[in-house]
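Reading the structure
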Amino acid sequence: MGNVDMNLQPVIPVEAIQYDDQGLVPAIVQDYLDGTVLMMAWMNRESLQKTLETGETWFWSRSRQEFWHKGATSGHLQLVKTLRYDCDSDCLLISVEQIGDIACHTGERSCFHQVNSHIEPPPADTLSQVYGVVCDRRDHPNEASYTCKLLEGGDNKILKKIGEEAAEVVMAFKDDDPAAIAGEVADLFYHTLVALAHHKVDLKAVYRKLQERRR
């Protein structure tokens, strides 16, 4: 079963999937850590079976009329973490660990990187998006940016703010004020992201630790 959860195979019965008149089903692939949609490809009964057996994604190429083992040539393999199908059983959703963090043949992380002809990072969860902005501020300083001022102050300024925000989070919880709790936790998350960016610790490393502890 490779990297696939041992419970996947009985949960995903190959014969239960509703394939189209060409024997195919669309498969949407997303990053298992931050939810970024990486690509969409087609599977048939056999490629789905190969995916379940090996724990790596296999697709069916409509143009070449042959199986396609994602990453076999580039090294950008996709290790399957979870595999689900929708309420009509005619679409698959596959969460993967994307080796090399590149899914698109263009070298981009995601095939869905184009917006109005301009290349932009694909959408991910909110924390990842904010972390991306913070890293951009770190790499392209702007004097008017509060984030840049924090980064310029280094640990002394950043860690002082984390301590202050943590105390405010505690007080908000003690006051049992839902709106204040949400706001103060958001502030704490933001300043923690700044500290991560300052020390060049990838947010995904934090997500991986959480995933390990979740198990």
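Residues numbered from 1 in each chain as written. Predicted model: local features only at pLDDT ≥ 70, side-chain atom pairs only at ≥ 80, totals over all residues. Heavy atoms only, no water.

**What about the packing of aromatic side chains?**
Each aromatic ring pair is described using two quantities: the centre-to-centre distance and the angle formed by the ring planes. Here the structure, examined in full by the defined rule, presents 3 aromatic pairs. For the pair F59 and W68, a centre-to-centre distance of 5.1 Å together with 45° between the ring planes defines the contact as tilted. For F59, a relative accessible area of 0% puts it in the buried group. According to the relative accessible area criterion, W68 is partly exposed, its value standing at 30%. Here the basic side chain of K50 rests over the ring of F67, its NZ or CZ set 5.4 Å away from the ring centre. Over the face of the ring belonging to Y32 we find K81, whose NZ or CZ atom lies 5.2 Å from the ring centre. (Phe/Tyr/Trp six-rings, centres within 6.5 Å; stacked < 30°, edge-to-face > 60°. Buried < 20%, exposed > 50% of the residue type's maximum accessible area, 1.4 Å probe, protein only. Lys NZ or Arg CZ within 6 Å of the ring centre and 35° of its normal.)

**Section: the pattern of salt bridges**
Within this structure, the stated rule accounts for 12 salt bridges. Here E97 makes a salt bridge to K81, at a shortest N to O gap of 3.7 Å. Of the two residues, E97 sits in strand β6 (residues 92–98) while K81 sits in strand β5 (residues 78–85), which places them 16 residues apart along the sequence. Residue classification places E97 among the partly exposed residues on the basis of a relative accessible area of 24%. Across the pair R137 and D136 runs a salt bridge, and its minimum N-O distance is 3.9 Å. With relative accessibility at 31%, the residue R137 sits in the partly exposed group. Note on D136: relative accessible area 36%, which makes it partly exposed. (Salt bridge = Lys/Arg side-chain N within 4 Å of Asp/Glu carboxyl O. Helix = DSSP H or I, 4+ residues; strand = E, 2+ residues; numbered from the N terminus.)

**Some words on a nonpolar patch on the surface**
A cluster of nonpolar side chains, I28, V37, M40 and F112, forms an exposed patch at the surface whose accessible area comes to about 310 Å². Summarising the element assignment, M40 is placed in strand β2 (residues 37–44). (Patch = residues over 30% accessible without salt bridge, like charges linked within 9 Å, V, L, I, M, F, W, Y side chains within 5 Å. Areas by Shrake-Rupley, 256 points an atom, 1.4 Å probe, with all protein chains shown as cover.)

**Focus on the packing of helix α4 (residues 146–175) against helix α5 (residues 178–198)**
Viewed as axis vectors pointing N to C, α4 and α5 meet at an angle of 150°, and their least axial separation amounts to 8 Å. With respect to α5, the axis of α4 lies roughly antiparallel. Classified by chirality, the crossing of α5 by α4 is left-handed. In the contact of α4 with α5, the residues fall into 16 nonpolar, 5 polar and 6 charged. (Axes fitted to C-alpha atoms, helices over the stretch in contact; angles between N-to-C directions. Parallel < 35°, antiparallel > 145°, perpendicular 65-115°, else oblique. Left-handed = near helix turned anticlockwise from the far one by under 90°. Nonpolar A, V, L, I, M, F, W, Y, C, P; charged D, E, K, R; others polar.)

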